[in-house]
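For reference, the chains in residue letters:
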Amino acid sequence: MSEPRVIFLGGLGRSGTTLLERLLGELPGVVPLGEVVHLWERGVLADEACGCGRAFSVCPFWVRVGDRAFNGWTAMLAERVVALRHRVDRTRRVARIAHADLAEYVRAYRRVYRAAAEAAGARVVIDSSKHASLACCLVEAGVDAQVVQVVREPRAVAHSWSRSVARPEDGQPMTRWTPLRTAVHWNAQNFALEVLARRGAPVTRIRYEDLLAAPEATLTGLAGVLGLTEFRLPFLDGTTAYLTTSHTSSGNPMRFKVGRVELARDDAWRQGLPRHHRGLVAALTWPLRARYGYGRATA
Ligand SMILES: [Zn+2]
């Protein structure tokens, strides 16, 4: 079987990548894998739950993928990929990713993508790892990857990162960031994806708000750009989606959701994020925020 095409969802966390992955994953011939960048630590080493609810080590999909790709998952393999990641896959390296370990690092991802496509009988895999640095590694190493940059109003993103949410995997609180830190990372990730696009990589940008306001039109436009030919949306009824189980290896709690999902915009940041934080995030993210159509820096 030839190499599958990879749709890589990029952007800062809490920007709607998990929802977009689930929706695209309902298309025929497309299999969503979750955040493959975290598969090594959270899946193989920590044995956290797959999107299907089973532990990674007993999920039949991931067992098949591991057998095909590596003759089975091992801690040694996962530790090796994690070590390579710390050397190669760094945001600060985005401008010039050329590293002796790049080929070995990307080979592990290629094997996962290919084995997952074969196991699912799909031609396209989705990796929602988000990190621009991994997108750069894949593109640099010649993987047939199309990057979808998902952007969301940074004040909404900052509000989401400031809230306390328990991880369904282990009940521990999800990472929280200050609005300052979120603004810095929002800029860094989006700027890095802009650099990647300027270097000629296929990068398509969508806004989370547009996806929620007009799911059918947004997905139809995106599928056209991505060349997804067998395009049908029976799982979508206006702003209601019906999601089936997916074997996402890691990601936002939304990956466990099955059945009816209302696609509704969450503007809680307008009340929930203090005024001085709204102003801070608006000021720090201003140039890119304006470029993405998020308007003036009004609080
Ligand atoms: Zn599973």
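Residues numbered from 1 in each chain as written. Predicted model: local features only at pLDDT ≥ 70, side-chain atom pairs only at ≥ 80, totals over all residues. Heavy atoms only, no water.

Asks: Got a sec to walk through the overall build of the protein? Specific residues and values, please.
Replies: Along the backbone of the protein there are 13 helices and 8 strands. By the compact-globule yardstick of 19 Å for 299 residues, the protein fits well, its C-alpha radius of gyration being 18 Å. In terms of its C-alpha atoms, the protein occupies a principal-axis envelope of roughly 55 × 45 × 40 Å. By residue count, 53% of the 299 residues in the protein fall in the buried class. At a minimum sequence separation of 6, the contacts of the protein that also span at least 24 residues come to 76%. Averaging the positions of the 41 positive and the 28 negative side-chain charges in the protein gives two centres separated by 6 Å. (Helix = DSSP H or I, 4+ residues; strand = E, 2+ residues; numbered from the N terminus. Rg over C-alpha atoms; globule rule 2.2 N^0.38 Å. Buried < 20%, exposed > 50% of the residue type's maximum accessible area, 1.4 Å probe, protein only. Contact = heavy atoms within 4.5 Å. Lys, Arg positive; Asp, Glu negative; His and termini not counted. Charge placed at Lys NZ, Arg CZ, Asp CG, Glu CD.)

Asks: Break down the coordination of the zinc ion for me, with residues and values.
Replies: Coordination of the zinc ion by the protein is provided by Cys 50 (SG), Cys 52 (SG), Cys 59 (SG) and His 247 (ND1), with metal-donor distances spanning 2.1 to 2.4 Å. Coordination at the zinc ion comes from 4 donor atoms whose angles at the metal span 98 to 116°, giving a geometry best classed as tetrahedral. Residue Cys 59 is classed as buried on the basis of its relative accessible area of 0%. (Donors = N, O, S within 2.8 Å, 3.2 Å for Na, K, Ca; no water. Tetrahedral: all angles 85-135°; square planar, octahedral: opposite > 155°, others 65-115°.)

Asks: Give me the sheet that holds strand E4 (residues 145–151): which residues, what numbers.
Replies: The strand order across the open sheet built from 5 strands is E2-E3-E1-E4-E5, with neighbouring strands paired in parallel fashion. Either end of the sheet is taken by a strand with one partner, and the two such strands are strand E2 (30–32) and strand E5 (203–207). Going from strand to strand, the sheet's axes swing by 25° on average, the running direction of each strand aside. Two strands pair when backbone bridges link them, and E4 and E5 are joined in this way by 5 bridges, in the parallel orientation. Counted as the bridge partner of Val 148 is Thr 204 from E5. (Pairing = 2+ DSSP bridges. Axes fitted to C-alpha atoms, helices over the stretch in contact; angles between N-to-C directions.)

Asks: Help me get a handle on the side chain of Arg 152, residues and values and all.
Replies: On the secondary structure map, Arg 152 appears in the loop between E4 and helix H7 (154–162). One buried charged residue, Arg 152, remains without a salt bridge, the closest side chain of opposite sign being Asp 266 at 4.5 Å. A polar atom in the side chain of Arg 152 sits 2.8 Å from the backbone oxygen of Arg 14. Once residues lying within four places of it in the same chain are set aside, the contact partners of Arg 152 are Arg 14, Ser 15, Val 157, Ser 160, Trp 186, Tyr 208, Glu 209, Asp 266 and Tyr 294. (Salt bridge = Lys/Arg side-chain N within 4 Å of Asp/Glu carboxyl O. Polar contact = N/O pair within 3.5 Å; in protein donor to acceptor, adjacent residues only side chain to side chain.)

Asks: Tell me what's going on with the packing of H7 against helix H12 (residues 275–284), and back it up with residues and numbers.
Replies: When two helices pack together, you describe them by how their axes are tilted relative to each other and by the distance separating the axes. The contact between H7 and H12 brings their axes to 9 Å, and the two run at 130°. As far as their axial angle goes, H12 and H7 are oblique. Pair H7 / H12 crosses with right-handed handedness. Two secondary-structure elements touch here, H7 through Pro 154, Arg 155 and Ala 158 and H12 through Arg 278, Val 281 and Ala 282. Across the contact of H7 with H12, the residue classes tally to 4 nonpolar, no polar and 2 charged. (Parallel < 35°, antiparallel > 145°, perpendicular 65-115°, else oblique. Left-handed = near helix turned anticlockwise from the far one by under 90°. Nonpolar A, V, L, I, M, F, W, Y, C, P; charged D, E, K, R; others polar.)

Asks: So what about the pattern of salt bridges? Which residues, and what values?
Replies: Inspection of every chain in the model, using the stated rule, returns 20 salt bridges. Linking Arg 85 and Glu 41 is a salt bridge whose minimum nitrogen-to-oxygen distance equals 3.9 Å. Here Arg 85, found in helix H4 (residues 75–88), pairs with Glu 41, found in helix H2 (residues 39–45); they are 44 residues apart in sequence, far enough to count as distant. Glu 194 is the salt-bridge partner of Arg 291, the closest N and O atoms lying 2.8 Å from each other. Of this pair, Arg 291 sits in helix H13 (residues 286–291) while Glu 194 sits in helix H8 (residues 179–198), and the two are 97 residues apart along the sequence. A relative accessible area of 4% means that Glu 194 is categorised as buried.

Asks: Can you explain the nonpolar core? Please cite residues and give values.
Replies: In this structure, Leu 33, Trp 40, Phe 61, Trp 62, Tyr 105 and Tyr 109 are the most contacted members of the largest nonpolar core, which totals 50 residues. Contributions of two or more residues to this core are made by strand E1 (5–10), H2, helix H3 (60–70), H4, helix H5 (102–120), helix H6 (132–140), E4 and H8. Here this core takes 11 residues from H5, the largest share from any one element. Setting aside residues no more than four positions away along its own chain, Leu 33 makes contact with Glu 21, Phe 61, Trp 62, Tyr 113, Ala 116, Val 125, Ile 126, His 247, Thr 248 and Ser 249. Counting 29 residues, the second largest nonpolar core, distinct from the first, contains Val 30, Leu 211, Ala 223 and Leu 228. (Core = buried A, V, L, I, M, F, W, Y, C linked by side-chain atoms within 4.5 Å.)

Asks: I'd like a rundown of the pairing of E4, residues and numbers included.
Replies: The element E4 is extensively covered by neighbouring structure, given that 7 of its 7 residues are classed as buried. Where burial is concerned, the two faces of E4 agree: the one with Ala 145, Val 147, Gln 149 and Val 151 and the one with Gln 146, Val 148 and Val 150 are both buried. For E1 and E4, the ladder comprises 5 bridges, and the chain directions are parallel. The residue of E4 that forms the bridge with Ile 7 is Gln 146.

Asks: Now, about the sheet that holds strand E7 (residues 240–243): what can you tell me, with residues and values included?
Replies: Taken together, 3 strands build an open sheet; the order of strands is E6-E7-E8 and the sheet is antiparallel. Looking at the sheet topology across the chains shown, the edges are occupied by strand E6 (236–237) and strand E8 (259–262).

Asks: Explain helix H1 (residues 17–24) to me, and be specific about the residues and the numbers.
Replies: Across the 8 residues of H1, 8 count as buried, placing the element largely inside the fold. Inspection of H1 places Thr 17, Thr 18, Leu 19, Leu 20, Glu 21, Arg 22, Leu 23 and Leu 24 among the buried residues, and these make up the whole buried set.

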